[in-house]
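Survey of secondary and tertiary structure
Listed below are the residues making up each chain.
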Amino acid sequence: MLTASPDDILEDVFERVTKSRIFKNRDVLLPDYIPERLPHREQQIKKVASVLAQALKGYKPNNLFIYGITGTGKTAVVKLVTSKLQQKARQLGVRLRISFINTKRDDTAYRILAKLIESLGFKVPPTGIPTSEVYSRFKRLLDKRELLMIIVLDEIDYHVKKHSDDLLYKLTRINEELSRSKVSLVGITNDVNFTSWLDPRVKSSLGEEELVFPPYTAPQLRDILAERAKLAFYEGVLEDGVIELCAALAAREKGDARKALDLLRISGELAEREGSPKVTVDHVKMAWEQIEKDKVVEVVKSLPLHSKLILLAILKLTKNKDSTYTGEVYRTYKELTKELGIETLTLRRIGDLISELDMLGLISAEVESRGRRGLTRIITVESDPKAIMKGLIADPRVGELVR
Ligand SMILES: Nc1ncnc2c1ncn2[C@@H]1O[C@H](COP(=O)(O)OP(=O)(O)O)[C@@H](O)[C@H]1O
Ligand SMILES: [Mg+2]
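What comes next concerns the included structure. (Residues numbered from 1 in each chain as written. Chains lettered and ligands numbered in written order. Predicted model: local features only at pLDDT ≥ 70, side-chain atom pairs only at ≥ 80, totals over all residues. Heavy atoms only, no water.)

1. With respect to the pattern of salt bridges
Scanning the entire structure with this criterion turns up 25 salt bridges. Across the pair Lys 321 and Glu 328 runs a salt bridge whose closest N-O atoms are separated by 2.9 Å. A single salt-bridge network, built from bridges that share partners, covers Arg 26, Asp 27, Asp 262, Arg 265, Glu 269 and Arg 273. (Salt bridge = Lys/Arg side-chain N within 4 Å of Asp/Glu carboxyl O.)

Following this line, the structure appears as structure tokens:
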């Protein structure tokens, strides 16, 4: 049999992609693209703008706290409004500085303060100065600049949960210590229960103004996708029903616009790779499966070791049958811990971990009565076993057991 040479294979791939008339501009579907238009966010844009517009008159805007689940347009709205505000301020000759920090990326107080200092046009070494000293330096430099500063802290929950709300507390009080500059804060979080992590004083100060971003409905997601698709795809490339299906699937998944856009992008990529002239509903279904599998892999990867061992036990036991039960899982789990030479958790503790795996949707563990012998749980695998295994063997300790 003839096998294709690497050159032929590569030529084929390159040709498909370069000849493809699917994407006009794929990048507008990537998460960091900020669109000029944000359908169904008119109210939120108006609210953010009216709070921050005080800055144009030289007044300190109220602090603003924004929350809503992921993919509801919080970052996009704030970036859009602040960039327009900055332009307007420049036109009007208002001394306004806006600093946007994502605390998932820059999570320590030191990093956050260093970024703030950078946005004032100065530098701080990456380490070596006590954080309190960096804070004083920021305060001093800021006051010298005679500015109004709006500090946006996106995904603020990452910083606070990992460290504390000390820095946030200081920043809400900073105006008392400044004489020539002023600071306003905009805090954004995807965690709707985040305020329980805050000192009541920080909470009330940060929440002078509050704004919720509700999840998008399927028809709203359809509008968002349709708008973006005009920029991303050549005309007539999307088969009827593609946008509707992306919208419906993402709406079912909590109304997340990022998910909807990912789905549309991956569908397009699959079509391109196949050399198909159109993106079809089947491409969307394939893309969805792929996203779901990737999600399973990520969830499994993030589990603690003992949960991974339980999952491995369950996979082994259900290889040739539909279900297993707690006692059997425990025995296999015990063998695995022995093989690794680590402690074995109690049956009771394992029961808790099994419930957690059930809640994550990886398995189902239904309680069943066995008469006088008490209760057991019938356990079945609910996610793609291959995806689970992929997540498991990413952990070298588990990988050793599988080899
Ligand atoms: N109303 C909207 N119109 C167009 N695109 C949107 C809209 N809302 C969100 N998006 C897009 O969806 C993705 C996620 O939005 P983002 O602002 O990052 O959500 P959040 O910060 O709430 O998690 C981004 O790519 C963004 O451009
Ligand atoms: Mg965001």
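2. Observations concerning a positive patch on the surface
There is a patch of like positive charges on the surface, built from Lys 79, Lys 104, Arg 105 and Arg 258. Residue position: Lys 104 is located in the loop between strand 2 (96–102) and helix 4 (109–119). (Patch = residues over 30% accessible without salt bridge, like charges linked within 9 Å, V, L, I, M, F, W, Y side chains within 5 Å. Areas by Shrake-Rupley, 256 points an atom, 1.4 Å probe, with all protein chains shown as cover. Lys, Arg positive; Asp, Glu negative; His and termini not counted. Charge placed at Lys NZ, Arg CZ, Asp CG, Glu CD. Helix = DSSP H or I, 4+ residues; strand = E, 2+ residues; numbered from the N terminus.)

3. Points about the environment of Leu 231
When you line up the elements, Leu 231 lands in helix 9 (residues 218–232). The sequence separation of Leu 231 and Phe 23 amounts to 208 residues, and the corresponding C-alpha distance is 8.9 Å. The contacts of Leu 231, once residues within four sequence positions are left out, are Lys 24, Asn 25, Val 28 and Tyr 33. (Contact = heavy atoms within 4.5 Å.)

4. Section: the nonpolar core
Judged by nonpolar contacts, the single largest core of 33 residues is most densely connected at Phe 138, Ile 151 and Leu 171. Broken down by secondary-structure element, the contributors of at least two residues to this core are helix 4, helix 5 (131–145), strand 3 (148–154), helix 6 (156–162), helix 7 (166–173), strand 4 (182–189) and helix 8 (200–206). With near-sequence residues (within four places) excluded, Leu 171 lies in contact with Tyr 135, Phe 138, Ile 151, Leu 153 and Leu 185. Core analysis: the second largest hydrophobic core is formed by 32 residues, Ala 229, Ile 243, Ala 250 and Trp 288 among them. (Core = buried A, V, L, I, M, F, W, Y, C linked by side-chain atoms within 4.5 Å. Buried < 20%, exposed > 50% of the residue type's maximum accessible area, 1.4 Å probe, protein only.)

5. Observations regarding the sheet that holds strand 7 (residues 363–369)
Strands sit in the order 6-8-7 across an open sheet of three strands; the sheet is antiparallel. The open sheet has two free edges, formed respectively by strand 6 (324–325) and strand 7, since each of these has just one partner strand. Pairing between strand 6 and strand 8 (residues 375–381): two bridges, direction antiparallel. Along strand 8, the bridge assignment pairs Thr 324 with Ile 379. (Pairing = 2+ DSSP bridges.)

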